[in-house]
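Structural features, examined
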Amino acid sequence: MSFAALTSNSLGTNQNDYPKGKLVTLRDGTGKASVVLASSRTTDLAERASRVMPGRQSNLRAVAEPAVFIERAQGQRMWDVDGRELVDFAIGMGPGIWGHGNERYERAVQEQMSRVFVVASGMLQTEQEVQLAEKVVQHVPCADRVRFVTTGSEAVQMAIRVARAFTGRKYFVRFDGHYHGWIDNVLGGMSDPEPHGVPFAIENDRDPMYTEGKSHLTLQESIKIPWNDVDALKQLLAEHGRDIALILMEGVMTNGGCVLPRPGYLEAARELCTKYGVLLCIDEVITGFRMGLSGAQGHYGVTPDLATFGKAIAGGMPLAALAGREHIFELIKSNRVVGAGTFNAAPMSMAGGVITMQMLEEDDGAAYQRIDRMQQHFMREFKSCADRHGHPALVQGVRGVFCVHFTDMAVAYSHAELRAKADADKARRFRKALLDRGVYAGRGDRYFVSAGMTEQDLQMGLDRIDDALSSL
């Protein structure tokens, strides 16, 4: 038995059937128990962690899966503290565009550490932040100006703040299935199918992002509607456009199943925002610099007023950014809008960002070409494996990231379609089968492809995926 997670319903009666180790009960962030078979180091760390850390370090990871403590990584593989090997198709949930252990990237960050490790973000600056900002302005269509922050959640909040200040309006619009961070005003809620008045989001037990402790006023800050529905957006702006400051959306719904925009939808959103004086912000925290140097907005030829970036922008170092039009950024320049942060433009992250941009630019985008070759083969073989084992599967995505859904749909254009037609139970069982075989995929059944992936990494992953599919 390899890398197994055993629930209390699947434990055998003869403990000698299992390899030497210890059965330990762990609880996720909801209190749900799972029993895992782990060797001494993993067991010890899991038990110690349970005494001092609630639900691991992110609730999005607080699920009933075996505890895994990573000790080292290379390319698109990782080894845990007990020497078990995993093929890593999450790569930090998107930041690791170079995979693990890229020598050139690591050398640039180490050299920066030896020169200057930290500076105050108020008055002191480094040359690297200027270089990185210039690169963002050079490549991103909407970017006249840039402000660096540490996380995508911060960048989104700055976009909302500056849009309200610029327009003098109070609401922003978000969409079902899109994720913009964990802060109260952008987390959870679902569009109301029968709204009375302003179509605020509603909350119920079907909301996967529900959380207690949110401000009781937070749902009245934003309007939420289905995405990819031009008529719904037209109606909303016709009725409430004078009160809306910002339309906030992912250019590709990568968090909600790698759902692509319908042909013409982004263009229509751009036209409607211009018509009603609403700012358009494309959240490129995942797509930015992973789909290409110009992001989703460059790929689709739709230029927003603002855009948020994170994850791949610095190749793995913590960094995010807000980019946008010069006249909007005058509010930040004049200090009418505050966007502070101790680690804004931290030197180590700037070094990671500069070397990432340089490497992505080189040899006419050779890194992207490599990702394309690997990903096309990966998606094709994944689909072929699923078909061979009798599992209808939708494999869709964009450069650098794709999702797998057990459904006979040819394409998915909404989060609601996936909830209604994709087999969520089979996806859960498949994820468990993958973990059992040493394959780690991103949350939401996402698979990230890095420029550091080797053919050996990919084939190893495909062999284990094929075995997992055969077990369903």
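Everything that follows concerns the structure shown earlier in this document.
A brief report on the enclosed structure follows.

Observations regarding the overall build of the protein chain
On a plain count of helices and strands, the protein chain comes out with 12 helices and 17 strands. Considering the protein chain as a whole, with its 472 residues, one finds that 52% of them fall into the buried category. Contacts in the protein chain between residues at least 24 apart in sequence constitute 71% of all its contacts with a sequence separation of at least 6. As presented, the protein chain carries roughly 21,400 Å² of accessible surface, and 50% of it is formed by carbon and sulfur atoms.

Notes on the nonpolar core
If you look at the biggest cluster of nonpolar residues, it comprises 62 residues, and the most contacted ones within it are Phe 148, Phe 289, Ile 313, Phe 378, Phe 402, Phe 430 and Tyr 447. A total of 16 residues in this core trace back to one element, the largest contributor, which is helix H9 (residues 347-388). Discounting residues that sit within four places of it in the chain, Phe 430 has contacts with Phe 382, Phe 406, Tyr 447, Ile 465, Ala 468, Leu 469 and Leu 472. In terms of nonpolar packing, the next biggest core, distinct from the first, is built from 28 residues, Ile 223, Ile 247, Cys 273 and Met 409 among them.

Here we look at the pairing of strand S9 (residues 222-225)
Burial along S9 is two-sided: the residues Ser 222 and Lys 224 and Ile 223 and Ile 225 are all buried. Relative to S9, strand S8 (residues 171-175) runs parallel, the two being bridged by 4 bridges. Bridge pairing links Phe 175 to Ile 225 in S9.

Some remarks on the sheet that holds S8
Taken together, 7 strands build an open sheet; the order of strands is S7-S13-S12-S11-S10-S8-S9 and the sheet is mixed. Looking at the sheet topology across the chains shown, the edges are occupied by strand S7 (145-149) and S9. Within the sheet, the average angular offset between the axes of one strand and its neighbour, ignoring direction, is 20°. Sheet topology note: the S7/strand S13 (residues 320-324) ladder contains 5 bridges and is antiparallel. Residue pairing across strands places Val 149 opposite Ala 320, the latter belonging to S13.

Details of the side chain of Thr 407
The residue Thr 407 is located in the loop between strand S15 (401-405) and helix H10 (415-421) in this model. Residue classification places Thr 407 among the buried positions, given a relative accessible area of 4%. One polar contact links the side chain of Thr 407 to the main-chain carbonyl oxygen of Lys 421, over a distance of 3.4 Å. When sequence neighbours within four positions are dropped, the list of residues in contact with Thr 407 reads Pro 392, Ala 393, Leu 394, Lys 421 and Ala 422.

Parameters at a glance
- Residues numbered from 1 in each chain as written.
- Predicted model: local features only at pLDDT ≥ 70, side-chain atom pairs only at ≥ 80, totals over all residues.
- Heavy atoms only, no water.
- Helix = DSSP H or I, 4+ residues; strand = E, 2+ residues; numbered from the N terminus.
- Buried < 20%, exposed > 50% of the residue type's maximum accessible area, 1.4 Å probe, protein only.
- Contact = heavy atoms within 4.5 Å.
- Areas by Shrake-Rupley, 256 points an atom, 1.4 Å probe, with all protein chains shown as cover.
- Core = buried A, V, L, I, M, F, W, Y, C linked by side-chain atoms within 4.5 Å.
- Pairing = 2+ DSSP bridges.
- Axes fitted to C-alpha atoms, helices over the stretch in contact; angles between N-to-C directions.
- Polar contact = N/O pair within 3.5 Å; in protein donor to acceptor, adjacent residues only side chain to side chain.

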